[in-house]
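One letter stands for each residue in the lines below.
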Amino acid sequence: MRSDYCGTLRAEHIDQEVTLCGWVDRRRDHGGVIFIDLRDREGIVQVVFDPDAGDHFHLADRVRGEYVLQVTGKVRARDAATVNPNMATGEVEVYGTALLILNEAETTPFPLDSHASVGEDVRLKYRYLDLRRHDMQAGLRFRSKVTSAVRNYLDGQGFLDIETPILTRATPEGARDYLVPSRTHENKFFALPQSPQLFKQLLMVSGFDRYYQIAKCFRDEDLRADRQPEFTQIDIEASFMSEEQIMGVTEDMIRQVFKQAKDVNLGEFPRMTYADAIAQYGSDKPDLRIPLTLVDVKDLMTEVDFKVFSGPAKDPKGRVTALKVPGGNDKLTRKQIDDYTKFVGIYGAKGLAYIKVNDKSDLEEGLQSPIVKFLPNDVRAALLERLQAENGDLIFFGADKAKVVTEALGALRCKLGADLDLYTQEWAPLWVVDFPMFEEDSDGEWNSLHHPFTAPSCTVEELEADPGQALSRAYDMVLNGTELGGGSIRIHNQAMQQAVFRVLGIEEDEQREKFGFLLDALKYGAPPHGGLAFGLDRLIMLMVGASSIRDVIAFPKTQSAACVMTDAPGGVDEQQLKELNIRLRKKEKPASES
Ligand code: ASP
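Computed from a predicted structure; not experimentally measured. (Residues numbered from 1 in each chain as written. Predicted model: local features only at pLDDT ≥ 70, side-chain atom pairs only at ≥ 80, totals over all residues. Heavy atoms only, no water.)

Asker: So what about unusual backbone geometry? Which residues, and what values?
Answerer: Omega for the peptide link from Ala568 to Pro569 comes to 0 degrees, which places this bond in the cis form. Following the sequence through the fold, Pro569 ends up in the loop between helix H16 (536-544) and helix H17 (574-579). Even without being a glycine, Asn187 presents a positive backbone phi close to 65 degrees. Mapped onto the elements, Asn187 comes out in the loop between strand E7 (179-181) and strand E8 (189-191). Despite not being glycine, Asp209 shows a phi value in the positive range, around 70 degrees. Among the secondary structure elements, Asp209 is positioned in the loop between helix H5 (197-205) and strand E9 (210-218). A relative accessible area of 30% places Asp209 in the partly exposed class. (Helix = DSSP H or I, 4+ residues; strand = E, 2+ residues; numbered from the N terminus. Buried < 20%, exposed > 50% of the residue type's maximum accessible area, 1.4 Å probe, protein only.)

Asker: Any chance you could break down the packing of aromatic side chains for me, citing the residues and the numbers?
Answerer: Given two aromatic rings, their pairing is described by the distance between the two centres and the angle made by the two planes. Counting across every chain of the model gives 13 aromatic pairs. Considering the side-chain rings of Phe343 and Tyr347, the 5.6 Å spacing of their centres and the 65 degrees angle between planes classify their relative orientation as edge-to-face. Measuring from centroid to centroid gives 6.0 Å for Trp431 and Tyr475, while their planes differ by 85 degrees, and the two rings are edge-to-face. One end of the pair, Trp431, is in strand E17 (residues 429-433); the other, Tyr475, is in strand E20 (residues 474-479), and 44 residues separate them in sequence. Neither residue differs from the other here; Trp431 and Tyr475 are each classed as buried. Following the ring pairs from residue to residue traces out a cluster consisting of Phe306, Phe309, Phe374 and Phe397. For the cation-ring pair, Arg289 lies above Tyr423, with the distance from its terminal atom to the ring centre recorded as 4.1 Å. A cation over a ring is seen here: Lys415 above Phe343, with NZ or CZ 5.4 Å from the ring centre. (Phe/Tyr/Trp six-rings, centres within 6.5 Å; stacked < 30°, edge-to-face > 60°. Lys NZ or Arg CZ within 6 Å of the ring centre and 35° of its normal.)

Asker: For the pattern of salt bridges, give the residues involved together with the corresponding values.
Answerer: As enumerated under the stated definition, the model contains 45 salt bridges in all. One salt bridge connects Glu120 with Arg550, and the closest N-O pair in it is separated by 2.8 Å. You can see Glu120 sitting in helix H2 (residues 120-125) and its partner Arg550 sitting in the loop between H16 and H17, a full 430 residues away along the chain. Owing to a relative accessible area of 10%, Arg550 belongs among the buried residues under this scheme. Measuring nitrogen to oxygen at the nearest pair gives 3.2 Å for the salt bridge that ties Arg123 to Asp551. Taken together, the residues span a long stretch of sequence, with Arg123 in helix H2 and Asp551 in the loop between H16 and H17 at a distance of 428 residues. Across the pair, exposure class does not vary: Arg123 and Asp551 are buried alike. (Salt bridge = Lys/Arg side-chain N within 4 Å of Asp/Glu carboxyl O.)

Asker: Describe helix H10 (residues 334-345), naming the residues involved and giving the relevant values.
Answerer: With twelve residues, H10 should cover 16 Å at 1.5 Å per step; its first-to-last C-alpha distance of 17 Å lies within 8% of that length. In this fold, the buried residues of H10 make contact with strand E14 (353-357), strand E16 (394-401) and helix H12 (402-419). (Expected span 1.5 Å × (residues − 1). Contact = heavy atoms within 4.5 Å.)

Asker: For the nonpolar core, give the residues involved together with the corresponding values.
Answerer: With 66 residues, the main nonpolar core has Val146, Met253 and Leu463 as its most contacted residues. Sort the elements by how many residues they give to this core and helix H6 (residues 243-262) lands first, with eight residues. For Met253, the contacting residues outside a window of four places in its chain are Val150, Tyr153, Leu154, Ile234, Ile236 and Phe534. Among the nonpolar cores identified, the runner-up in size contains 24 residues, and Ala313, Ile371, Leu384 and Ile395 belong to it. (Core = buried A, V, L, I, M, F, W, Y, C linked by side-chain atoms within 4.5 Å.)

Asker: Give me empty space enclosed by the protein: which residues, what numbers.
Answerer: By the definition in use, this model includes three cavities of 30 Å³ or more. If you add up the space inside the largest cavity, you get close to 50 Å³. The wall of the largest cavity is formed by Leu124, Arg127, Phe555, Pro556, Thr558, Ala562, Cys563, Val564 and Met565. Broken down by class, the residue content of the lining of the largest cavity amounts to seven nonpolar, one polar and one charged. (1 Å grid on protein atoms, 1.4 Å probe; cavity = no way out; pocket = protein on both sides within 12 Å on 5 of 7 lines; lining within 4 Å. Points joined across faces, edges and corners; volume = space filled by probe spheres on them. Nonpolar A, V, L, I, M, F, W, Y, C, P; charged D, E, K, R; others polar.)

Asker: Tell me what's going on with the site of the ligand, and back it up with residues and numbers.
Answerer: What surrounds the ligand is a group of 13 residues, the closest being Glu173, Gln197, Lys200, Gln233 and Arg490. Taking Arg219, its side chain carries an N or O atom lying 2.9 Å from an oxygen atom of the ligand. For the ligand, an oxygen atom lies 2.9 Å from a polar atom in the side chain of His451. If the ligand stood free it would expose 270 Å²; the protein chains cover 88% of that surface. If one sorts the elements of the shell around the ligand by residue count, strand E22 (residues 529-535) sits on top with three residues. A class-by-class count of the residues in the shell around the ligand yields two nonpolar, seven polar and four charged. (Near = heavy atom within 4 Å. Polar contact = N/O pair within 3.5 Å; in protein donor to acceptor, adjacent residues only side chain to side chain. Areas by Shrake-Rupley, 256 points an atom, 1.4 Å probe, with all protein chains shown as cover.)

Asker: Describe a nonpolar patch on the surface, with residues and values.
Answerer: Among the surface-exposed residues, Met1, Leu100 and Leu102 lie close enough to one another that they form a single nonpolar patch of about 310 Å² accessible area. Looking at where Met1 falls in the secondary structure, it is placed in the segment before strand E1 (17-29). Overall, Met1 belongs to the exposed group, its relative accessible area being 69%. (Patch = residues over 30% accessible without salt bridge, like charges linked within 9 Å, V, L, I, M, F, W, Y side chains within 5 Å.)

Asker: Explain the sheet that holds strand E12 (residues 294-296) residue by residue, including any values.
Answerer: What the five strands build is an open sheet, ordered E12-E13-E16-E14-E15; its pairing is antiparallel. One side of each edge strand has no neighbouring strand; the edge strands of this open sheet are E12 and strand E15 (367-368). Bridge count for strand E13 (residues 318-325) against E16 is eight bridges, and the pairing is antiparallel. Directly across from Gly318, in E16, lies its bridge partner Lys401. (Pairing = 2+ DSSP bridges.)

Structure (structure tokens):
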């Protein structure tokens, strides 16, 4: 139907006859001459019809925005005065000789010009129109370029692309499962995979040695900002490789992807332990573009006459830490400090103490703060010394349970970085290593920090004796404060796998019921293996600088995990429910409403 894409025509096409297909971006009538900007996925070209085109001219007069046309004409140079340097095709235009309206279009619910500000609900409802917009097309084309670079790299390294099931049993990654009722097995359910984790491990047991898949994963998580219930991973697993080798290959892959898709050379990937990341950055995914660090001052505060500090300082589970903003005195207003106090409240912090260092040589009068009166001079001096504070600096404090302080000041650090534009570099990748195996929940139960198949770096006996001390052989790749991917060396031995299940409170019966197939597989010669998975959506989002993950997914779900275009999830008819042996219950109303 066509000879060329609209957006590819250049001066070298002058005098060629072309046939184009596309959408009417704009139509203008300039005193008896019709100009049509015709658009396809490669871009826009100007088509001109004058009365010499006879009936075709009259047809051109009828077309409206978003009509679908086939146009034949001759490429010609534009007059010097009408050359448009802002358009890739701006040196030429097509002098139209024939026009066919392939389809008409009603006025679209919103203008498609990419600068128009349109509510996201409308964009999602008419996603097929939203996706006609230049930015959306560019984002998805970029995504395709990245997946192609990923495949090329992994294929070249001998990784095999193998698909794993979507209808399966639970594959725990710490979220709720999406369930699918079975018609053929009464009262039984499939779970959609939270990741291909167990299948990729079984492929290693089968001897495939190197696997990858660009895989859909499903997690029914509580509604948190910028998460999608279904998302895509670049999922990787390999046998007989150490963590160093797996980190090496995957780091190389990410480097190549950045180089090929964006022409960016990522610098060094420093290694940081989980403990250091939490201590210095208040996060297990530190944003190293921001040159601020947390400095613990717990030991200085045990004896001060200020419970807010001395309480957590004496509590083994407490943390007292300081965050110095160099030159912060001038940069931050009282109002901003108040706003930051509210901000840390989101993380459970009850307040945000601060000290302004006006004159560090004068411990009596040189420090300005509502709390400084509680700190004796020797503590003031030790603080300034430890923080290497200078005149003009502002110091924030966090004092509470360690988790609250870490999260609150970690988030404050990132917010300060963004608000004051403290970034020192564009890309700051790193590896975080030496994660704990488990974290304790508020009921005193152990949960896996990664997933239950992660190998510890200790023996079974050590693990069971003190689960809280056990470190895992896991590694996360972090870029600009975002976890790009994570993985680990896996357990390949049944006794260790069962020990981990026991620590997690999964007893023998449940182990067999849920993971019998894995425990069996580990008995028949499972090789040492490990792997990693990258979140593709998040990677693309970072690379294109999108502000929402939804902007790099063709058909995303809303914040409440629905698709407003297809109206999913939807009801099902009685017959279908009957076949599934399901009867729906009315949701019980909370007591207050009844
Ligand atoms: N399955 C893990 C995840 O989804 C990644 C891995 O351990 O390879 O996070």
